[in-house]
Amino acid sequence: MRATFASLTSRLVLITVVLVAAVSLLLGLATTLVLRSYLTGQLDQKVNDSLDRAMAYYSRGAGGPPPGPTADPDGDDDVRGQGVDTLTAVYLSGGQHGEVLNPADDGLTRFKNLTTDQLGELRDVPTDGESHTVSVDGIGEYRVSAVGSPTSTMLVVGLPTKELDDTISRLVVWELALVLLATAAAGSAGVFVVRRQLRPLREVAATAHTVSELPLATGDIDLAERVPERLTDENTEVGQVGSALNTLLAHVESSLNARHESEQQVRQFVADASHELRTPLTTIAGYTELARRRPDDPVTTRTALDKVEEESARMTSMVEDLLLLARLDSGRPLERHPVDLSRLLVETVSDARVVDPGHRWQLDLPEESIEVDGDVQRLHQVVTNLLTNARKYTPAGTTITVSAQPGGFAVHDDGPGFPPGLAEHAFERFARGDAARTRGDAGGAGLGLALVQAIVTAHGGSVSLRSCPGDTEVAVSLPS
């Protein structure tokens with residue numbers, strides 16, 4: 001049974017059938033009770049009329065039933081005006097008698113005398129003038145009414161309930177048949193209607209099943225499957241499910257695309273890092289081999305050692321930058337202390353003037369000192385990288401201006417600018433162009449601006465770049 005009614009369709013149809021059956025049964029029960037009450041009232045009225053006729057008959061002094069057949073030629077009533085099947089019992093101080101008026105085969109009605117036991121059962125009827133149901137052995141159930149006193153004169157009159165009971169029984173049979181028919185009709189209609197109404201839900205489920213069969217583990221994911229727009233109306237329950245599924249699929253698609261792009265960046269990063277490290281390693285290996293072949297030549301040995309030292313320093317710087325990027329990517333927090341940004345800019349620009357006096361260096365600082373919250377060493381590295389980048393990839397005589405304002409600073413130069421199409425990728429790791437402007441202090445590996453963005457982002461700030469010939473500016477925003 002659990003498997004049979006496991007689906008939503010089956011449960012809804014079952015609930016519908018149960019409700020229809022319950023309502024039909026309740027209506028049938030109410031109808032039966034109302035009809036029985038109505039028919040019982042009619043029967044009680046007939047009993048009261050029969051009691052009145054019997055009282056009138058006996059009040060004229062008749063002491064017992066008429067002998068033999070009745071005088072009514074139609075066979076419907078006796079000489080006292082009572083109908084067929086009327087029960088009459090009289091209890092007097094001198095004795096008791098009773099009879100039932102039954103139809104005979106000759107078309108007349110005849111009295112059938114009641115036995116002593118039957119009279120004894122009827123004597124217990126309350127003499128309150130109300131109708132009561134009594135079961136009399138041998139003749140069935142009667143609605144009877146009694147007047148008088150059980151200890152003296154008492155008159156009991158009644159009519160059988162067989163016709164009433166038969167009517168109610170036939171009604172109950174018809175009601176049960178109609179309930180079964182209504183239940184079957186409700187079940188058939190329920191299956192049709194529920195399946196029709198749940199068809200959109202099955203379409204939504206089909207979309208979900210289709211998506212579940214797609215290979216989403218690796219590679220570029222094409223998650224174009226969506227619930228049809230006609231099934232995404234937020235005003236309906238199915239539409240809410242369809243809309244929610246489409247939103248989920250869009251989120252999954254964007255997440256998978258972001259994951260794929262991240263994987264591609266990692267692969268490119270590894271390839272670029274391997275390439276950048278291979279060059280100094282190849283150089284070191286070559287000069288080491290040269291020194292081994294000429295052990296007695298002091299000039300060759302000295303030149304080889306100098307080159308090995310130079311390439312080792314280049315590799316060390318690159319590896320340190322890569323490690324710093326890895327730490328920042330992992331979310332490792334930086335030190336947080338108040339940093340005098342104005343003083344930091346003055347020091348780095350002074351150092352740049354000493355290193356490269358061929359460029360024109362300018363400072364534009366407000367009168368009041370600017371202070372930010374951050375890691376002073378990493379912020380120094382940001383400024384140094386930007387100045388070195390501007391110095392190395394602009395010709396001599398270029399004016400480099402460092403300006404500051406509350407919440408950040410900017411480095412501007414009037415050099416040739418970034419090559420076309422490179423500016424939008426300038427902050428990517430190992431970004432390259434024909435002019436190779438982004439090769440900052442990381443030994444030309446293309447990590448300078450990538451480090452700038454990573455460090456500033458770790459401080460909760462942002463970096464922006466605009467570049468055209470004669471007007472290039474990198475702006476850094478930091479939380480005050």
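Values in this document were obtained by computation on a predicted structure and should not be read as measured data. (Residues numbered from 1 in each chain as written. Predicted model: local features only at pLDDT ≥ 70, side-chain atom pairs only at ≥ 80, totals over all residues. Heavy atoms only, no water.)

A.B. asks: Break down the side chain of Thr 348 for me, citing the residues and quoting the values.
C.D. replies: By the secondary structure assignment, Thr 348 is in helix H7 (residues 341–355). At a separation of 3.0 Å, a polar atom in the side chain of Thr 348 contacts the main-chain carbonyl oxygen of Leu 344. Sequence-distant contacts of Thr 348, defined by excluding residues within four places in its chain, comprise His 380, Val 383, Thr 384 and Leu 387. (Helix = DSSP H or I, 4+ residues; strand = E, 2+ residues; numbered from the N terminus. Polar contact = N/O pair within 3.5 Å; in protein donor to acceptor, adjacent residues only side chain to side chain. Contact = heavy atoms within 4.5 Å.)

A.B. asks: Please set out the environment of Leu 449 residue by residue, giving values where relevant.
C.D. replies: Locating Leu 449 in the fold gives a position in helix H9 (residues 448–458). Distance in space between the C-alpha atoms of Leu 449 and Glu 428 is 7.6 Å, their sequence separation being 21 residues.

A.B. asks: Describe the environment of Leu 155, with residues and values.
C.D. replies: Here Leu 155 is to be found in strand E6 (residues 154–160). Note: C-alpha distance between Leu 155 and Ser 145 (ten residues apart in sequence) is 8.4 Å. If near-sequence neighbours (up to four positions away) are discounted, Leu 155 is found in contact with Leu 51, Ala 54, Met 55, Tyr 58, Thr 88, Ala 89, Val 90, Ser 145, Ala 146 and Val 147.

A.B. asks: Which residues make up the environment of Pro 333, and what values do they have?
C.D. replies: Secondary-structure assignment places Pro 333 in the loop between helix H6 (298–329) and strand E7 (337–340). Of the residues examined, Pro 333 reaches a relative accessible area of 70% and is grouped as exposed. (Buried < 20%, exposed > 50% of the residue type's maximum accessible area, 1.4 Å probe, protein only.)

A.B. asks: Before we move on, could you go through unusual backbone geometry and cite the residues and values that matter?
C.D. replies: We note that Asp 85 has phi near 75°; this positive angle belongs to a residue other than glycine. Summarising the element assignment, Asp 85 is placed in the loop between helix H1 (8–59) and strand E1 (87–92).

A.B. asks: Explain the pattern of salt bridges to me, using residue names and the numbers behind them.
C.D. replies: Considering all chains together, one arrives at ten salt bridges under this definition. Across the salt bridge formed by Arg 36 and Asp 165, the nearest N and O atoms sit 3.3 Å from each other. Taken together, the residues Arg 36 in helix H1 and Asp 165 in helix H3 (residues 162–197) connect sequence positions 129 residues apart. The class of Arg 36 is partly exposed, set by a relative accessible area of 35%. Asp 44 is the salt-bridge partner of Arg 143, the closest N and O atoms lying 2.8 Å from each other. Placement of the pair is Arg 143 in strand E5 (residues 140–148) and Asp 44 in helix H1, with a sequence separation of 99 residues. For Arg 143, a relative accessible area of 13% corresponds to the buried category. On the accessibility criterion, Asp 44 (15% relative accessible area) is buried. Three or more residues joined by partner-sharing salt bridges are found here, namely Glu 289, Arg 292 and Arg 293. (Salt bridge = Lys/Arg side-chain N within 4 Å of Asp/Glu carboxyl O.)

A.B. asks: Describe the sheet that holds strand E11 (residues 408–413), and please don't skip the residues or the numbers.
C.D. replies: Picture the strands of a sheet paired through backbone hydrogen bonds; they go either parallel or antiparallel. An order of E8-E10-E11-E13-E12 is seen for the five strands of this open sheet, with the pairing classed as mixed. With one partner strand each, in any of the chains shown, strand E8 (360–364) and strand E12 (462–468) form the two edges of the open sheet. For this sheet, the mean inter-axis angle between neighbouring strands, taken without regard to orientation, is 10°. Most of the contacts of helix H8 (residues 376–392) go to E11, to which it runs at about 10°, and overall it touches E8, strand E10 (399–405), E11 and strand E13 (471–477). Against the sheet, H9 touches E12 and E13, its axis set at about 145° to E12. (Pairing = 2+ DSSP bridges. Axes fitted to C-alpha atoms, helices over the stretch in contact; angles between N-to-C directions.)

A.B. asks: Give a detailed account of the nonpolar core, specifying residues and quantitative values.
C.D. replies: Of all hydrophobic cores here, the largest spans 42 residues; its most connected members are Leu 386, Leu 387 and Phe 409. With residues near it in sequence (within four places) discarded, Leu 386 still touches Phe 409, Val 411, Leu 449, Val 452, Val 474 and Val 476. Membership of the second largest hydrophobic core comes to 15 residues, among which are Ala 89, Tyr 91, Leu 119 and Val 156. (Core = buried A, V, L, I, M, F, W, Y, C linked by side-chain atoms within 4.5 Å.)

A.B. asks: Now, about the packing of H7 against H8: what can you tell me, with residues and values included?
C.D. replies: Interaxial distance between H7 and H8 falls to 10 Å at its minimum, and their mutual angle equals 35°. Here H7 and H8 pass one another in a crossing that is right-handed. Taking contact as the criterion, the partners of Leu 344, Leu 345, Thr 348, Val 349, Ala 352 and Val 355 in H7 are, on H8, Leu 379, His 380, Val 383, Thr 384, Leu 387 and Arg 391. Across the contact of H7 with H8, the residue classes break down as eight nonpolar, three polar and one charged. (Left-handed = near helix turned anticlockwise from the far one by under 90°. Nonpolar A, V, L, I, M, F, W, Y, C, P; charged D, E, K, R; others polar.)

A.B. asks: A description of a positive patch on the surface should follow, citing residues and the corresponding values.
C.D. replies: Together, Arg 195, Arg 196, Arg 199 and Arg 202 give the surface a local cluster of positive charge. Contributions of two or more residues to the positive patch are made by H3 and helix H4 (199–212). Assignment of secondary structure puts Arg 199 in helix H4. A residue is classified by how much of its surface remains accessible, and Arg 199, at 44% relative accessible area, is partly exposed. (Patch = residues over 30% accessible without salt bridge, like charges linked within 9 Å, V, L, I, M, F, W, Y side chains within 5 Å. Areas by Shrake-Rupley, 256 points an atom, 1.4 Å probe, with all protein chains shown as cover. Lys, Arg positive; Asp, Glu negative; His and termini not counted. Charge placed at Lys NZ, Arg CZ, Asp CG, Glu CD.)

A.B. asks: Pulling in residues and values, what's your account of the pairing of E10?
C.D. replies: By the criterion of burial, E10 is predominantly enclosed, with six of the seven residues buried. As paired strands, E10 and E11 are joined by six bridges and run antiparallel to one another. For Thr 401, the partnering residue across the bridge sits in E11 and is His 412. What sits between the antiparallel neighbours E10 and E11 is a turn of two residues, in which Gly 407 has the positive phi angle 95°.

It is worth stressing that arrangement in space is one thing and function is another; only the former is reported here.
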